[in-house]
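Chain by chain, the residues:
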Amino acid sequence: MMFNATRNIWGYNKTLNALVLGGVCISQSVKIPREPKQGEFDTIIQRLGENPNARVVILFANEDDIRRLLHAAKKANQTGHFIWVGSDSWGSKISPIVHQEEMAEGAVTILPKRQSVKGFDRYFISRTLENNRRNIWFAEFWENNFNCKLSRHAVKKGSGLKKCT
């Protein structure tokens, strides 16, 4: 099993506990560093290959780390060796496998069922800067969504940004 240091570790721990309680042998657990150094993924693939009977790799990692891990496996000529199980960060996304599709052949990825929460869209679009001061990220969302800056001082001439109104 592998997990990224920046991802929520809750899902990883729950999965690990369920597998162990179910009698599944975990050959090793590998933590992907927050800022992997050059060659880090090559080392991880080498470690995963130390036990040739352990072929299933469960990934709790972001898209970029998944892409880099698959690339390292490809460089190590491990096409078809590992069976990848990807968490929801992989799900239905194609970016981790672009130009290395053969590495992901046979992978199982998880995408939780999603559905709309009744009334949420109506509530969310009714939010404004005046009625949503509790949400500390709302101002940033507002600036990004409307391509403007709330602070007059943040608007630089020629930047293409305008002051939010």
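Quick caveat: nothing in here was measured; it's all calculated off a predicted structure.

Peer 1: Explain the layout of surface pockets to me, please; I cannot follow it from the model alone.
Peer 2: Think of a ball as big as a water molecule: rolled over the atoms, this probe shows where empty space is left. Here the largest pocket is characterised by a volume of approximately 280 Å³. Lining the largest pocket are 15 residues, and of these C25, I26, S27, A54 and V56 lie nearest its centre. At three residues, strand β3 (residues 56-60) tops the list of elements feeding residues into the lining of the largest pocket.

Peer 1: Any chance you could explain unusual backbone geometry here in plain terms?
Peer 2: Peptide bonds are mostly trans, and most non-glycine residues show a negative phi. In the Ramachandran plot, N77 falls in the positive-phi region, its phi being about 60° despite a non-glycine side chain. Relative to the elements of secondary structure, N77 occurs in the loop between α3 (63-75) and β4 (83-86). Positioned with a positive phi, H99 is a non-glycine residue whose angle comes to about 70°. Mapped onto the secondary structure, H99 falls in the loop between β4 and α4 (101-104).

Peer 1: I would appreciate a short explanation of the pattern of salt bridges in the present structure.
Peer 2: Side chains carrying opposite charge are able to pair once their charged atoms draw close together. Across all of its chains, the model carries six salt bridges by this definition. Between K93 and E63 there is a salt bridge, with its nearest N and O atoms 3.5 Å apart. Of this pair, K93 sits in the loop between β4 and α4 while E63 is found in helix α3, placing the two residues 30 residues apart along the sequence. The partly exposed category is assigned to E63, whose relative accessible area is 29%. For K74, the salt bridge is made with E102, and the minimal N-O distance between the two is 3.0 Å.

Peer 1: Honestly, the state of the cysteines in this entry has me stumped. Any pointers?
Peer 2: When the sulfur atoms of two cysteines share a covalent bond, that bond is a disulfide. What the rule picks out here adds up to one disulfide. The side chain of C148 participates in a disulfide bridge whose partner is C164; the two sulfur atoms lie 1.9 Å from each other. Across the disulfide from C148 to C164, rotation about the S-S bond amounts to roughly 90°, and the bridge is consequently right-handed. You can see C148 sitting in strand β6 (residues 148-149) and its partner C164 sitting in the segment after β7 (162-163), a full 16 residues away along the chain.

Peer 1: Could you clarify how one ought to interpret the side chain of N132 in this entry?
Peer 2: For N132, the position within the fold is in the loop between α5 (120-125) and α6 (138-146). Setting aside residues no more than four positions away along its own chain, N132 makes contact with R127 and F138.

Peer 1: How should the nonpolar core be read in this particular structure?
Peer 2: For soluble globular proteins, nonpolar side chains are generally found buried alongside one another. Core analysis: the largest hydrophobic core is formed by 20 residues, its most contacted members being I45, L70, W84 and W90. Only β2 (30-32), α2 (40-48), β3, α3 and α4 provide two or more residues apiece to this core. Ranked by the residues each element gives to this core, the list is headed by α3, at five residues. W90 has contacts with L59, I66, L70, W84, P96, I97, A104, A107 and T109, leaving out every residue within four places of it along the chain. Counting five residues, the second-largest nonpolar core is a separate cluster that includes L129, F138, W142 and C164.

Scoring rules and cut-offs
Residues numbered from 1 in each chain as written. Predicted model: local features only at pLDDT ≥ 70, side-chain atom pairs only at ≥ 80, totals over all residues. Heavy atoms only, no water. 1 Å grid on protein atoms, 1.4 Å probe; cavity = no way out; pocket = protein on both sides within 12 Å on 5 of 7 lines; lining within 4 Å. Points joined across faces, edges and corners; volume = space filled by probe spheres on them. Helix = DSSP H or I, 4+ residues; strand = E, 2+ residues; numbered from the N terminus. Salt bridge = Lys/Arg side-chain N within 4 Å of Asp/Glu carboxyl O. Buried < 20%, exposed > 50% of the residue type's maximum accessible area, 1.4 Å probe, protein only. Disulfide = S-S within 2.5 Å. Contact = heavy atoms within 4.5 Å. Core = buried A, V, L, I, M, F, W, Y, C linked by side-chain atoms within 4.5 Å.

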